[in-house]
Amino acid sequence: MASYISRILFVALISLAATSLVFADFNNEFDITWGDGRGKVINGDLLTLSLDKASGSGFESRNEYLFGKIDMQLKLVPGNSAGTVTAYYLSSKGSNWDEIDFEFLGNLSGDPYILHTNVFSQGKGNREQQFYLWFDPTADFHTYSILWNPQRIVFSVDGTPIREFKNAESIGVPFPKAQPMRIHSSLWNADDWATRGGLVKTDWSQAPFTASYRNFKLDACVVASGKSSCSGTAASSGGNQSWLSEELDITKQERLRWAQKNYMIYNYCSDSKRFPQGFPPECQMA
Ligand SMILES: *[C@@H]1O[C@H](CO)[C@@H](O)[C@H](O)[C@H]1NC(C)=O
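The structure contained in this document is the topic of the report that follows. Please read these numbers as outputs of a predicted model, since none were measured by experiment.

## Digging into the nonpolar core
Stage number 1. With 55 residues, the main nonpolar core has Met 72, Phe 102, Trp 148, Tyr 213 and Phe 216 as its most contacted residues.
Stage number 2. Considering each element in turn, this core owes the most residues, eight residues, to strand S15 (residues 209-224).
Stage number 3. In contact with Tyr 213, not counting residues within four places along its chain, are Phe 26, Asp 45, Leu 46, Leu 47, Leu 49, Phe 59, Met 72, Gln 73, Leu 74, Thr 86, Phe 141 and Ser 185.
Stage number 4. Ranked by size, the runner-up nonpolar core spans five residues in total, among them Val 85, Ile 114, Ala 190 and Ala 194.

## Regarding the state of the cysteines
Stage number 1. Within the structure shown, the criterion is met by two disulfides.
Stage number 2. For Cys 221, the disulfide goes to Cys 230, at an S-S distance of 2.1 Å. Across the S-S bond of Cys 221 and Cys 230 the torsion is about 105 degrees, and the bridge reads as right-handed. The burial state of Cys 221 is the same as that of Cys 230; both residues are buried.
Stage number 3. Between the sulfur atoms of Cys 269 and its disulfide mate Cys 283 the distance is 1.9 Å. Taking the sign of the torsion about the S-S bond as the criterion, the disulfide between Cys 269 and Cys 283, at about -80 degrees, is left-handed. Highlighted residues: Cys 269 in the segment after strand S17 (264-267) and Cys 283 in the segment after S17, separated in sequence by 14 residues. Like Cys 283, Cys 269 is buried.
Stage number 4. By sequence-ordered numbering of the bonded cysteines, the protein chain has its disulfides arranged as 1-2, 3-4.

## Some remarks on the site of the ligand
Stage number 1. Neighbouring residues of the ligand: Leu 105, Gly 106, Asn 107, Asp 111, Pro 112, Ile 114, Tyr 132, Ala 194, Thr 195 and Arg 196.
Stage number 2. Here an oxygen atom of the ligand and a side-chain polar atom of Tyr 132 are 2.7 Å apart.
Stage number 3. Calculation on the ligand without its partners gives an accessible area of 360 Å², and the protein chains cover 75% of this total.

Rules and cut-offs
- Residues numbered from 1 in each chain as written.
- Predicted model: local features only at pLDDT ≥ 70, side-chain atom pairs only at ≥ 80, totals over all residues.
- Heavy atoms only, no water.
- Core = buried A, V, L, I, M, F, W, Y, C linked by side-chain atoms within 4.5 Å.
- Buried < 20%, exposed > 50% of the residue type's maximum accessible area, 1.4 Å probe, protein only.
- Helix = DSSP H or I, 4+ residues; strand = E, 2+ residues; numbered from the N terminus.
- Contact = heavy atoms within 4.5 Å.
- Disulfide = S-S within 2.5 Å.
- Near = heavy atom within 4 Å.
- Polar contact = N/O pair within 3.5 Å; in protein donor to acceptor, adjacent residues only side chain to side chain.
- Areas by Shrake-Rupley, 256 points an atom, 1.4 Å probe, with all protein chains shown as cover.

Pasting the structure below:
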C-alpha cells in the first residue's frame, strides 16, 4: 500500500514538473555575486567576467540542482592569460560539500591552457585529472558540459566526453547525490600555482582579462523548498527523461578513450608517487 501511494506521488511529482530543455536568459538564471561591476550580462544572452589587479569577479545560479545535464559555452581569456584561472563548477554548501569542477588554467600567448577537473564528495576531493584541449579555447566559444545523474558524472567538451566518474558507492566511495548544488563561475588570479606550477606570473599590463559565456542550456532537477522537480517529460506520459539515466554509448566510450589517450596530462589514478599505499578505490572502476 505504502509503496503504491509513494509510486503515485512520484509519478504525479514528475508529471507536474514536466518541462523541456531550457534555453535560459542569463538574467533569469544567474546572479553576479562579486567583482564590483566586473561581471556583466549583455543583452541577456552573453555574460562576461573580468579580472584586473584590484579584483576578479564571479556569478552563481539562482537555482539549486540535484542532478542535471548542463551545457555552457565559454570563450576563455585570450592572449597572455598566464596566472589567471577561470573556474566553472557545481558546488553545494557546508563542510561536507560536494563539488564538480572545471578549471581553466591560463598560459602565455600560444602556450596551451590546462583544463583541470576534480570531483568532491562529502568534502573530499583529491581526484584531479588534467587535459590539454585539441583547439585554442580563446579563439571561439566551445561547449563544456556536465552530466550528473545518480549513476555517473561525465565531463564533456564539444560533446566529447573527457572524464567519467562512476558511482562507486558499492565499493565504499561516497557519491554526490543528496546535496543540491549551484552552478558557479569565477575569474581570479592564481599566479602562485596556475601556470607552470606558479613559475609564470600574471602580467598586469595585459589587464583587464575577460572570459565570456553564452548558450546556457540544461535539463535538471531543481530543488526548491525541499522539493525536487525534474525537467524532461516523464516516461509515464510518453516523454523522455533519459538524461537521468544516460550512460556512455559505444561511440562516446571511444571518444572518451581518444581524449584520455591523446590529451590527458595528469591522472590521480596513475600517480603512484602520490598514493604509495595504493590508489583510491574508485580508480578500479575507470
Ligand atoms: C603552459 O605552457 C607550458 C609550456 O608549453 C606547459 O608546460 C604548461 O603545461 C602550460 N599550461 C599551464 C597552465 O601551465
